[in-house]
Amino acid sequence: MKILAINAGSSSLKFKMFEMPEEIVIVSGLFERIGIDGSGYTIKINGEKIKKEVELKNHEDAVKYLIEELIENEIISSLDEIEAIGHRIVHGGDKYADSVIITDEVLNDIESFSSLAPLHNPANVLGIKAFQKLVPKATVVGVFDTAFHQTLEEKDFLYGVPYEWYTKYKVRKYGFHGISHKYLANYMEKKLGKKEFKLITCHLGNGGSISAIKNGKCIDTSMGFTPNAGILMGTRAGDIDASIIPYIMEQTGMSLDEVMNSLNKESGFLGVSGVSSDSRDIEEGILENNQRCILTHQMFVKSVVSYIASYYVLLGGVDAICFSAGIGENSSKVRKDIIEALSVLGIKLDEEANNVRGKEALITTSDSKISCYVIPTNEELMIAKDVYNLVK
Ligand code: ADP
């Protein structure tokens, strides 16, 4: 069965087509700068890259080009061969604890959650509608980034604010990157060969989050009401004292929108280092003895270590810790410094094994009390699996 996994952003559309249940990637690619000058796409088929600059006025244009390429390259002979399409949806509110087939009601819900995720859900809806129009026979499935965290208990998802903020306005921790954390949890379940295990998953990309997982169920996660909570990130501040916001507005005359923009787009690695949001640039800065890059790295490591330590206690011990996403999969230095800071828990790094990029590895020694792994995440495959399970 051919299944498309779609991740639609406001000006981009990423896709991967799988043959399921074999989990074979048939084609993948990215449409960029939709609705902006200089738009185009890149498609990878059998290791070969096709790159074209074309005008993409909207998401529908992207889907039209995608279909054209699929037919021209003989990946499909008719649209009927695309049996199902899974869309990554950032926010499923507190209603969706699992992936679902998208009906009119579900689509209305996703639109209504836009107030909770104004940067993401409207773009996800554009993607869904474009495919519904152009590939009308395919079953459409929504796979939510919040769903995996819906197992959190009230004591873990509530903030210490008036209870009515939750009941009336849905203010609570939702958690994000759930598709990735779920993928890692499933992967580790197979790897450890048991259903009862305690796991901490570290998704460290440009955005980052950490989850505590007990027997496959998430019991806590570092992102919150929005993705701007938890650890220090590329451009997001992570946890801060809310009182900073009115104070900075008063001191600088910035509007609320400007301060929030700063906390989302000008903070984190970029804000602290003044150099870059990219961890590779921060690591280069450290080699050049740039003090603010050193500081950024120290703050990042401390924020990750604090969450791991607190989840260790919450879980009552840990069987394994996984590192994933851009930084987690690629930066030996970040992993080394995090693991060394956790040595009080009896974790011992295997320096040689840790010298690895982008592939699965056990990076702790055989006498380490907790095993740490590098596990490349695969959100698209997780989407395709959920879709397959719903439509098979
Ligand atoms: P997202 O999907 O959230 O945009 P990614 O998971 O692609 O982000 O992660 C991006 C981050 O991963 C960037 O900070 C980038 O610097 C980092 N990264 C990618 N490759 C490496 C590498 N070889 N060494 C260190 N960091 C890396």
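Heads up: these notes are all about the structure in this document. (Residues numbered from 1 in each chain as written. Predicted model: local features only at pLDDT ≥ 70, side-chain atom pairs only at ≥ 80, totals over all residues. Heavy atoms only, no water.)

### Topic: the sheet that holds strand 2 (residues 13-19)
Within the open sheet, the 8 strands sit side by side as 5-4-3-2-1-6-8-7. Their pairing is mixed. The strands lining the two open edges of the sheet, one partner per strand, are strand 5 (48-53) and strand 7 (100-101). Sheet topology note: the strand 1 (residues 2-8)/strand 6 (residues 82-89) ladder contains 5 bridges and is parallel. In the strand pairing of strand 6, Leu-4 is matched with Ile-85. (Pairing = 2+ DSSP bridges. Helix = DSSP H or I, 4+ residues; strand = E, 2+ residues; numbered from the N terminus.)

### Regarding the state of the cysteines
Counted by the stated rule, this structure contains 0 disulfides. Looking at the unpaired Cys-218, the closest cysteine sulfur is the one in Cys-202, lying at 12 Å. Here Cys-322 stays free of any disulfide, with the sulfur of Cys-202 as its closest cysteine sulfur at 7.8 Å. (Disulfide = S-S within 2.5 Å.)

### Description of the packing of aromatic side chains
Overall, the coordinates contain 11 aromatic pairs when judged by the stated rule. Centroid distance Phe-15 to Phe-31: 6.0 Å. Interplanar angle 40°. Geometry classified as tilted. Placement of the pair is Phe-15 in strand 2 and Phe-31 in strand 3 (residues 24-32), with a sequence separation of 16 residues. By relative accessible area, Phe-15 is classed as buried at 4%. The class for Phe-31 is buried, based on a relative accessible area of 0%. Seen in terms of ring centroids, Tyr-96 and Phe-144 are 4.9 Å apart; in terms of plane orientation they differ by 10°. Their pairing is stacked. Taken as a pair, Tyr-96 in the loop between strand 6 and strand 7 and Phe-144 in strand 8 (residues 139-144) lie far apart in primary sequence, 48 residues in all. Pair check on accessibility: Tyr-96 and Phe-144 agree, each one buried. Grouped by ring-pair contacts, the aromatic residues Phe-15, Phe-31, Tyr-41 and Tyr-65 constitute a single cluster. Between Arg-172 and the ring centre of Phe-157, over which it is positioned, the NZ or CZ distance is 3.6 Å. (Phe/Tyr/Trp six-rings, centres within 6.5 Å; stacked < 30°, edge-to-face > 60°. Buried < 20%, exposed > 50% of the residue type's maximum accessible area, 1.4 Å probe, protein only. Lys NZ or Arg CZ within 6 Å of the ring centre and 35° of its normal.)

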